[in-house]
Amino acid sequence: MDFAQSERSRDYLERLRAFIAGEVTPVEQQLRAARRTAGEGRRDIDAAERWAVSPEFRELQRKARAEGLWNLFLPDAELGAGLSNVDYAPLAEEMGRSPFVSAVFNCDAPDTGNMEVLYHYGSAAQKEQWLRPLLDGEIRSAFCMTEPEVASSDATNMAATAVVDGDEIVLDGRKWWSTGIGHPDCKVLIFMGLTDPEAHKYQRHSMVLVPIDTPGVEVERMLPTMGFFDEPSGHGEVSFTDVRLPLDAVIAGPGRGFEIAQGRLGPGRIHHCMRLVGLAERTLELACRRGLERTAFGKPIIDLGGNRERIADARIAINQLRLLVLHAAWLLDTQGLAGARSAVSEIKVVAPRVTQQIADFAIQIHGGGGLSDDFPLAGAWTAARALRLADGPDEVHQGLVARFELGKYA
């Protein structure tokens with residue numbers, strides 16, 4: 001196994017850190033404060049301030065692209081950085097330290113996964129219409145798979161339909177937790193639906209590109225995640241009622257939705273885990289600083305109640321997590337998704353758990369402030385907790401790991 005970072009990756013990382021330190025960190029508090037002020041006491045989803053993208057953020061994106069720090073996730077040297085998964089991991093970790101930084105560099109979910117779908121499976125026309133604007137940061141996208149009426153951890157339960165009708169594909173159903181749907185620049189959705197219930201269970205579904213303004217598409221509501229709306233992207237519940245599109249809106253052809261979903265989720269899952277390593281590092285750093293700066297009962301907080309041991313446990317857990325993520329990345333690079341499936345599921349279980357535990361500890365160190373929006377800790381805890389469900393719940397991934405392990409003894 002070789003986790004060594006290439007010289008090219010090190011160069012990108014140095015430039016990325018310098019950009020974040022010089023351009024992002026000085027305005028991070030300002031951007032967070034502006035978002036907090038826009039949302040104070042307001043829960044109406046139409047508040048323009050809540051879902052707007054600030055001019056300051058767009059300026060950061062412009063500068064990042066001018067510096068060549070753009071589409072770093074894409075393993076294509078012409079369209080992105082052209083890095084392997086192992087080489088991208090340290091960059092994703094650095095971006096993951098703050099919840100909005102990856103979007104500065106056009107490396108944010110769900111757009112990264114959607115761009116990879118179009119890159120690998122899209123037709124030339126689909127790439128021209130949707131991939132190019134996504135790569136340029138001109139538009140954003142959403143992914144519509146999870147449904148409110150069925151257990152969506154099993155994709156074969158899917159009830160929404162994508163039925164071929166002559167030279168059209170007709171969509172009906174309801175989706176929720178469609179991340180990105182609230183963004184003012186969201187222009188296209190990827191919808192997954194049942195096409196042929198009589199086909200093999202992995203050939204029943206199709207993925208369809210849906211312009212958000214297509215008749216029959218309705219964003220019913222935006223969903224808070226434990227009180228956070230994750231502006232400006234958000235997560236929405238969307239209804240599709242007799243939505244008719246030309247058949248060439250289907251990605252790779254009818255019946256290939258499950259295949260595409262599996263291909264999409266491999267890199268998508270590992271990118272989440274890479275970012276979570278950075279988020280865990282950030283929360284541990286905040287806990288250490290707070291523990292050293294504040295006193296209670298005549299001692300620094302860090303010297304009370306076993307906190308030093310908790311710091312040590314957190315450091316060990318993060319180092320273990322980073323190695324597991326790099327191992328999964330190396331397997332993806334050398335053996336593809338087929339050889340990395342168990343490893344990807346392993347980190348998908350471990351990364352959110354470790355990050356959630358460390359964020360919980362950091363909240364405790366911060367006292368009441370840790371529960372507020374004055375610090376990024378409550379958001380970090382919520383993000384980690386949500387990722388124990390997103391892209392497959394813990395139990396599904398544990399089941400896959402167990403199946404691979406038990407298969408050795410069959």
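An unreviewed UniProt entry lists the protein under the name Acyl-CoA dehydrogenase, with Rhodococcus gordoniae given as the organism.

**Q** Could you clarify how one ought to interpret the pattern of salt bridges in this entry?
**A** Where side chains of opposite charge bring their charged atoms close, a pairing between them can arise. In the structure shown here, the tally under the stated rule is 26 salt bridges. Between arginine 322 and glutamate 93 there is a salt bridge, and its shortest N-O distance comes to 2.7 Å. Linking arginine 322 in helix H9 (residues 307-366) with glutamate 93 in helix H4 (residues 85-95), this pair joins segments that are 229 residues apart in sequence. The class for arginine 322 is partly exposed, based on a relative accessible area of 22%. The closest approach of N and O atoms between glutamate 147 and lysine 175, which form a salt bridge, is 2.8 Å. Of the two residues, glutamate 147 is situated in the loop between strand S1 (140-144) and strand S2 (161-165) and lysine 175 in strand S3 (residues 168-179); the sequence distance between them amounts to 28 residues. The same class applies to glutamate 147 and to lysine 175, which are both buried. A cluster of three or more residues bridged by salt bridges with shared partners is formed by Glu93, Glu281, Arg315 and Arg322.

**Q** Whenever I open this one, the environment of histidine 120 confuses me. Can you help?
**A** Looking at the secondary structure, you find histidine 120 in helix H6 (residues 111-121). Look at histidine 120 and you get exposed, because its relative accessible area is 54%. Through-space distance from the C-alpha of histidine 120 to that of glycine 263 is 8.9 Å; in sequence the pair is 143 residues apart.

**Q** For this particular structure, what's the right way to read the nonpolar core?
**A** Within soluble globular proteins, side chains that are nonpolar generally end up buried alongside one another. Ranked by internal contacts, the top residues of the largest apolar core, which has 89 residues, are Leu72, Tyr88, Leu91, Met95 and Phe105. The element that contributes the greatest number of residues to this core is H9, accounting for 23 residues. Those residues in contact with leucine 91 that sit more than four places away from it in its chain are Gln5, Ser9, Tyr12, Leu13, Leu16, Leu72 and Leu83.

**Q** Just to check I follow, could you spell out unusual backbone geometry for this structure?
**A** Where the residue is not glycine, phi is negative for most of them; where a peptide bond is considered, it is trans in most cases. Cis geometry is found at the peptide bond from alanine 109 to proline 110, where omega equals 5°. A cis geometry characterises the amide bond from glutamate 231 onward to proline 232, with omega recorded as 0°. Secondary-structure assignment places proline 232 in the loop between strand S6 (217-222) and strand S7 (235-246). A positive phi is found at asparagine 106, a non-glycine position, where the angle reads about 55°. Turning to its location among the elements, asparagine 106 is positioned in the loop between helix H5 (101-104) and H6. Phi at aspartate 242 takes a positive value of approximately 50°, unusual for a residue other than glycine. Structurally, aspartate 242 can be placed in strand S7.

**Q** Looking at this model, I keep getting lost on the UniProt feature "domain: Acyl-CoA dehydrogenase/oxidase C-terminal" (unreviewed entry) in the protein. Mind explaining?
**A** Per the UniProt record, "domain: Acyl-CoA dehydrogenase/oxidase C-terminal" (unreviewed entry) is annotated on residues 255-403. Overall, residues 255-403 shows 79% helix and 3% strand. The separation of its end C-alpha atoms is 26 Å.

**Q** Got a minute to help me understand the packing of aromatic side chains in this structure?
**A** Any pair of aromatic rings gets described here by the distance separating the centres and the angle formed by the planes. Counted under the stated rule, the structure contains six aromatic pairs. Both rings, one in tryptophan 51 and one in phenylalanine 229, keep their centres 6.2 Å apart while their planes meet at 85°; by these two values the pair is edge-to-face. Highlighted residues: tryptophan 51 in helix H2 (residues 48-51) and phenylalanine 229 in the loop between S6 and S7, separated in sequence by 178 residues. The pair tryptophan 51 / phenylalanine 229 is uniform in exposure class, with both members buried. The aromatic ring of tyrosine 119 is capped on one face by lysine 127, whose charged end is 5.9 Å from the ring centroid. Taking the ring centre of phenylalanine 191 as reference, the NZ or CZ of lysine 175 above it sits at 5.1 Å.

Conventions adopted
Residues numbered from 1 in each chain as written. Predicted model: local features only at pLDDT ≥ 70, side-chain atom pairs only at ≥ 80, totals over all residues. Heavy atoms only, no water. Salt bridge = Lys/Arg side-chain N within 4 Å of Asp/Glu carboxyl O. Helix = DSSP H or I, 4+ residues; strand = E, 2+ residues; numbered from the N terminus. Buried < 20%, exposed > 50% of the residue type's maximum accessible area, 1.4 Å probe, protein only. Core = buried A, V, L, I, M, F, W, Y, C linked by side-chain atoms within 4.5 Å. Contact = heavy atoms within 4.5 Å. UniProt positions renumbered as here; feature names shortened; annotations may be inferred. Phe/Tyr/Trp six-rings, centres within 6.5 Å; stacked < 30°, edge-to-face > 60°. Lys NZ or Arg CZ within 6 Å of the ring centre and 35° of its normal.

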